[in-house]
Amino acid sequence: MAVLIQYANGAPGIRFDIDKKVFRIGRSLDNDLCIPDAFVSKAHAVIERRPSDRLDGSYEYVIRDLGSTNKTFVNDGQVEQARLCNEDVVRIGRNTFRFLVEPEDEKAVPRDLLESGTRSFSRRLRFGLG
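These numbers were taken from a predicted model, which means no experiment stands behind them. (Residues numbered from 1 in each chain as written. Predicted model: local features only at pLDDT ≥ 70, side-chain atom pairs only at ≥ 80, totals over all residues. Heavy atoms only, no water.)

Turning our eyes to something else, we now look at unusual backbone geometry. In this model, Asn9 sits at a positive phi of 55°, which is unusual for a non-glycine residue. Phi at Asn75 takes a positive value of approximately 50°, unusual for a residue other than glycine. Tracing the chain through its elements places Asn75 in the loop between strand E7 (72-74) and strand E8 (77-79). (Helix = DSSP H or I, 4+ residues; strand = E, 2+ residues; numbered from the N terminus.)

Okay, the confidence of the model for the chain next. Regions with low pLDDT carry predicted coordinates that are not meant to be interpreted in detail. Looking at the chain, pLDDT values average 84 and 78% of them are 70 or higher. Within the model, pLDDT remains below 50 along residues 104-109, and this stretch shows four contacts once partners closer than five positions in the same chain are excluded. Under a pLDDT of 50 for its full length, residues 126-130 has, in the predicted model, eight contacts with residues more than four places off or in other chains. (pLDDT = per-residue confidence, 0-100. Contact = heavy atoms within 4.5 Å.)

Moving on to the nonpolar core. One finds Leu4, Ile18, Ile25, Leu33, Ile47, Ile63 and Leu84 to be the most contacted residues of the largest nonpolar core, which totals 22 residues. Here this core gets three residues from one element, more than from any other, and that element is strand E2 (residues 11-18). (Core = buried A, V, L, I, M, F, W, Y, C linked by side-chain atoms within 4.5 Å. Buried < 20%, exposed > 50% of the residue type's maximum accessible area, 1.4 Å probe, protein only.)

Strands sit in the order E4-E3-E5-E6-E9 across an open sheet of five strands; the sheet is mixed. One side of each edge strand has no neighbouring strand; the edge strands of this open sheet are strand E4 (33-34) and strand E9 (81-84). Note that strand E6 (residues 59-65) and E9 share four bridges and pair antiparallel. In the sheet register, Val62 faces E9, and the bridge partner there is Arg83. (Pairing = 2+ DSSP bridges.)

The subject of this paragraph is the layout of surface pockets. Its boundaries defined by the atoms lining it, the largest pocket holds a volume of some 300 Å³. Residue assignment for the lining of the largest pocket shows that the elements contributing at least two residues are E6, E9 and strand E11 (95-101). Here the lining of the largest pocket gets three residues from one element, more than from any other, and that element is E6. (1 Å grid on protein atoms, 1.4 Å probe; cavity = no way out; pocket = protein on both sides within 12 Å on 5 of 7 lines; lining within 4 Å. Points joined across faces, edges and corners; volume = space filled by probe spheres on them.)

Attention now moves to the pairing of strand E5 (residues 45-51). The two faces of a sheet get side chains in turn, since along a regular strand they alternate between them. When strand E3 (residues 22-26) meets E5, the two strands line up antiparallel, connected through four bridges. Each residue of the ladder has a partner; that of Ile25, found in E5, is Ala45. As defined by bridge partners, E5 adjoins E6 across seven bridges and the pair is classed as antiparallel. Across the sheet, Val46 pairs through a bridge with Arg64, a residue of E6.

So this is what it looks like as structure tokens:
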């Protein structure tokens, strides 16, 4: 499974499991990841899980901007669509996330994500609603 880890002031924070074939991100409450930020469109982007071309049963993940006003960025480059790789940085509005494909071996997880400050949420981020 893949995850997004939200970063604040350079430190990892909330973890969001990408547990659906199409994972919707935006400001509207009906998104899988709801980010109530004025710089995030109601329907901002999606991350799609697709079978990879490899024969090992693995998946690839593609992020696609949905015509958002403030665009979607991967590793500081604006994208309409991009294949996500392990440890890519995704920026949506004023929010920064690191994309990770959870490895079979815990040793492959970056050390800062093993710290106790990382919290896990399955789907929704609600600033000030909680």
